[in-house]
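# Geometric and topological summary
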Amino acid sequence: MSNFVPLAEPELKNAEELADHYGSDTAKGLTSKQAQEILERDGPNELEKPPKPTLLMLFIMQLTGFVIILLLVAAVASLVVNGTGPNKSDILSYTTGKAIFIIVFLNAGIAAWTEHKAGGALEALSKMTQASIYVVRDGVEVKVDCPDIVRGDLVVLGTGDVVPADMRLIEAEDIKVSEMALTGEPEDVAKTSKIKAKKAGEPEKLTPENMVFSGCSVTNGKGKGFVTDTGMSTRIGRIAQLIAGEDGGKPKTKCGCLPDTSASATPLQQNLERLGGRIGMMAIIVCIVIFIIGVAMNRTDPSNPGIPLCVTISLSIGCSDMVHKNVLVRKLAAVETLGSASVICSDKTGTLTEGKMTMVNMWAAGAKYDVEGKGFDPTVGGIKIEGKGVDGSRDVGVRSALLAALLCCNTSLSKVKNPETGEEKWEPKGNSSEAPIVVAARKVGFEQSVEKDYKRVMEIPFSSSRKMMMTVTDVSGRSELCQGGLPLAAGTTLLSVVKGAPNFILDYCTEQLCPDGSAKPMTDADKQDILSVVDQYSERALRVLAVATKAMPKLPFDPNNDDLSTDQKFQACRNNLCLVGLVASIDPDRDGVPESVIAARGAGIRVVMITGDYLKTAVAIAR
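Below is a short write-up of the structure. Note that the coordinates shown come from a computational prediction; the quantities given were computed from them, not determined experimentally.

What follows is about the overall build of the protein chain. Check the secondary structure of the protein chain and you find 19 helices and 23 strands. Going through the 623 residues of the protein chain one by one, you find that 39% of them count as buried. Looking at the protein chain alone, contacts between residues at least 24 apart form 69% of all its contacts between residues at least 6 apart. Accessible surface for the protein chain amounts to roughly 33,500 Å². Of this, 56% is attributable to carbon and sulfur atoms.

Here it is in structure tokens:
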């Protein structure tokens, strides 16, 4: 390990060459022992951070403001004037200078202690909440903190992930990343796992097509790849080194040794600095005049140290109130900056809601059903016909809709043991929107082993533009989708399944499933009836997904044609779909959210909810 040489041009190496160079495996990744040795050799996957200021340094930094320096000069001048005046033996004549020193140092002490205490708490908190990502180690997919990622790790990427280090992709399924932070280009960049030779006349790419880089976010699709560089060796790390090199690699300082924080000053700090400068200039002029008059009248110095102390005490009171509400405040002036906020933009799933979706209703083959049970335990509850309470788990529509939806999912469900209490509970692993489908499918008897019985041929991940996900499954040798499910026409070898936004999927549907398992043409009136069902569910703040299928004798395109884009493959498989059902799930509001929104409005702050949900679902949740 000690003689490790970084790999040059990893984008030109195939998966086996990469695995051999890093001592890894294309299926099992590194072993835990290997990962630990590499981590000790290369260090954590982090950019270099400036040293944390000590309490003494924080205290001294509080004394560098213009107004504070002016007060210190005034205090010294007061002591000098009184020490050389006629009353120099009177101890009370030094009261003004001493008072200014005490107030200034008290002001600096309060601010320094508050920042020091909050800094320690935030550092501990950051270790608890640092970013993590799924990595294959010892042949098992595990969640690893990003600082512990090492060269040779086999990292699994999905939509919404931030790339933890520079990686060479060995698997890519319609994956796109935003490289704005790296290249400045606003458009998402499509990535591939293949080594592509540059064609004549083709413009030079800003980044290799089979590489993704640290700090870039995955906006679409999923992939898997080997880590090639970490920490300061990544592209973003080299950019950080270049930026630091502009100043000789050293952080900006003031007064020779203190960190310069002027670039990140808050509105209050900037205004006080400007006010202090004006007051200072006026004070110097006034003091000269007053000094001349004072000498003539045998009087001494006036000064007013009250402004900094009043500001510090006011902010400290605000900081104290926030601490009582479990809010950490690292900088006193941040209290004022927070008060300047006028708009709060919040994600819905997992922020305003709990992110624990549960299926409560479904519609299949023209009938409505209630899905009983709560949480992720598939052994509790069942599927009942709405209004009748009769078991509907054997109905053709229910079994077809849930199995088809399950074939279009990447989420798994298993029992997880709590190491502290020893208690076992069911937990999903994967997309929160797919979890209720997996749970409901288990309730009607579809186990996790379904994946082995139905081989997936192709997958087109969900994207914000398509509003749906598609999979193609091998169903050769079957006369029906499952026992008691959708019949398959003679010659059917593949089944295309789409899952996503109902209003988008209905545009591609020409048929719908009937209660007896047959399919009938879908008219415009049928579409309006189905959309009214979607609206009824959405008005109850339920998230509705449509599930549709298409039986095929073979793929409608050449699978060996590498020039075909994902969108072209999608368009070839999406037409003439048969709607099999709708599934409706609820994501409960997080405790305290309504009260927080009301409080924000009361403070004159506009709250905006950001979501990709169906419009009526979003409106119902917002209300």
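In this section: the side chain of Arg151. Inspection of the secondary structure assignment puts Arg151 in the loop between β2 (140-145) and β3 (154-158). Polar side-chain contacts of Arg151 include one of 3.0 Å to the backbone oxygen of Thr228. Here Asp229 takes part through its side chain, which lies 3.1 Å from a polar atom of the side chain of Arg151.

Now for the pattern of salt bridges. Applying the stated criterion across every chain, the model contains 13 salt bridges. The salt bridge partner of Lys384 is Glu372, with a shortest N-O separation of 3.6 Å. With Lys384 in strand β13 (residues 383-385) and Glu372 in the loop between β12 (367-371) and β13, this residue pair connects regions lying 12 residues apart in the sequence. Three or more residues are tied together by salt bridges with common partners; here these are Arg41, Asp42, Arg151 and Asp229.

So, on to the packing of aromatic side chains. All told, the structure shown has 2 aromatic pairs when counted by the stated rule. For the pair Phe59 and Phe105, a centre-to-centre distance of 6.0 Å together with 40 degrees between the ring planes defines the contact as tilted. With Phe59 in helix α3 (residues 55-61) and Phe105 in helix α5 (residues 95-128), this residue pair connects regions lying 46 residues apart in the sequence. Here Phe59 falls in the partly exposed class, since its relative accessible area comes to 24%. Through successive ring pairs, a cluster of aromatic residues spans Phe59, Phe101 and Phe105. The ring centre of Tyr454 lies 4.0 Å from the NZ or CZ of Arg478, which sits over that ring.

The grouping of Ile285, Val289 and Ile293 at the surface amounts to a nonpolar patch, some 270 Å² of accessible area in total. Relative to the elements of secondary structure, Ile293 occurs in helix α8 (residues 267-297).

Sheet topology places strand β1 (residues 132-137) next to β2; 6 bridges connect them, and they run antiparallel. Paired with Arg137 across the two strands is Val140, which belongs to β2. In this antiparallel pair of consecutive strands, β1 and β2, the connection spans 2 residues, and Asp138 shows a positive phi of 60 degrees.

Met359, Met362, Leu402, Leu403, Phe446, Tyr454 and Leu481 are the most contacted members of the largest nonpolar core, which totals 43 residues. Among the secondary structure elements, those contributing two or more residues to this core are β11 (358-364), β12, α12 (396-407), α13 (435-443), β18 (494-500), β21 (542-552) and β22 (577-586). If you tally residues by element for this core, the top one is α12, at 8 residues. Each residue touching Leu403, except ones within four places of it in the same chain, is listed here: Phe446, Val450, Tyr454, Leu481 and Cys482. Judged by nonpolar contacts, the second largest core, of 29 residues, contains Val498, Met522, Ile530 and Val544.

The subject of this paragraph is helix α1 (residues 15-22). By the burial criterion, the buried members of α1 are Ala15, Leu18, Ala19 and Tyr22. Buried residues of α1 fall within an arc of 95 degrees about the axis and therefore sit on the same side. Exposed and oriented more than 90 degrees from the buried face of α1 are Glu16 and Asp20. Check the buried side of α1 and you find it contacts β4 (166-178) and β7 (217-229). The N-cap of α1, judged by a side-chain oxygen 3.2 Å from the amide nitrogen of Glu16 a few residues on, is Asn14. Of the residues flanking the end of α1, it is Gly23, one or two places downstream, whose phi is positive at about 70 degrees.

A few words on the side chain of Thr471. For Thr471, the position within the fold is in strand β17 (residues 468-474). Taking the relative accessible area as the measure of exposure, Thr471 reaches 0% and is therefore buried. Polar side-chain contacts of Thr471 include one of 3.1 Å to the backbone oxygen of Leu407. Apart from the residues within four sequence positions on either side, Thr471 is in contact with Leu407, Cys408, Arg456, Met458, Glu459, Leu495, Ser496 and Val497.

On to the packing of α12 against α13. Two numbers describe how α12 lies on α13: the axes approach to 9 Å, and their chain directions differ by 135 degrees. What the angle tells us is that α12 and α13 run oblique. You can see that α12 and α13 cross each other, and the crossing is left-handed. Residues Leu402, Ala405 and Leu406 of α12 form the contact with α13, whose own contacting residues are Ile437, Val438, Ala440 and Ala441. Its residues assigned to classes, the contact of α12 with α13 comprises 7 nonpolar, no polar and no charged.

Glancing now at helix α16 (residues 524-538). Taking 1.5 Å per residue as the helical rise, α16 with its 15 residues ought to reach 21 Å, and the 21 Å between its terminal C-alpha atoms agrees with that figure. Of all the positions in α16, only Asp526, Lys527, Ile530, Val533, Val534, Asp535, Tyr537 and Ser538 are classed as buried.

Another aspect to go through is the environment of Thr566. Relative to the helices and strands, Thr566 resides in helix α17 (residues 566-573). With a relative accessible area of 23%, Thr566 lands in the partly exposed category. In this structure, the C-alpha to C-alpha distance between Thr566 and Glu459, residues 107 residues apart in sequence, is 9.6 Å.

What counts, and at which threshold
Residues numbered from 1 in each chain as written. Predicted model: local features only at pLDDT ≥ 70, side-chain atom pairs only at ≥ 80, totals over all residues. Heavy atoms only, no water. Helix = DSSP H or I, 4+ residues; strand = E, 2+ residues; numbered from the N terminus. Buried < 20%, exposed > 50% of the residue type's maximum accessible area, 1.4 Å probe, protein only. Contact = heavy atoms within 4.5 Å. Areas by Shrake-Rupley, 256 points an atom, 1.4 Å probe, with all protein chains shown as cover. Polar contact = N/O pair within 3.5 Å; in protein donor to acceptor, adjacent residues only side chain to side chain. Salt bridge = Lys/Arg side-chain N within 4 Å of Asp/Glu carboxyl O. Phe/Tyr/Trp six-rings, centres within 6.5 Å; stacked < 30°, edge-to-face > 60°. Lys NZ or Arg CZ within 6 Å of the ring centre and 35° of its normal. Patch = residues over 30% accessible without salt bridge, like charges linked within 9 Å, V, L, I, M, F, W, Y side chains within 5 Å. Pairing = 2+ DSSP bridges. Core = buried A, V, L, I, M, F, W, Y, C linked by side-chain atoms within 4.5 Å. Arc of directions from axis to C-beta. Axes fitted to C-alpha atoms, helices over the stretch in contact; angles between N-to-C directions. Parallel < 35°, antiparallel > 145°, perpendicular 65-115°, else oblique. Left-handed = near helix turned anticlockwise from the far one by under 90°. Nonpolar A, V, L, I, M, F, W, Y, C, P; charged D, E, K, R; others polar. Expected span 1.5 Å × (residues − 1).

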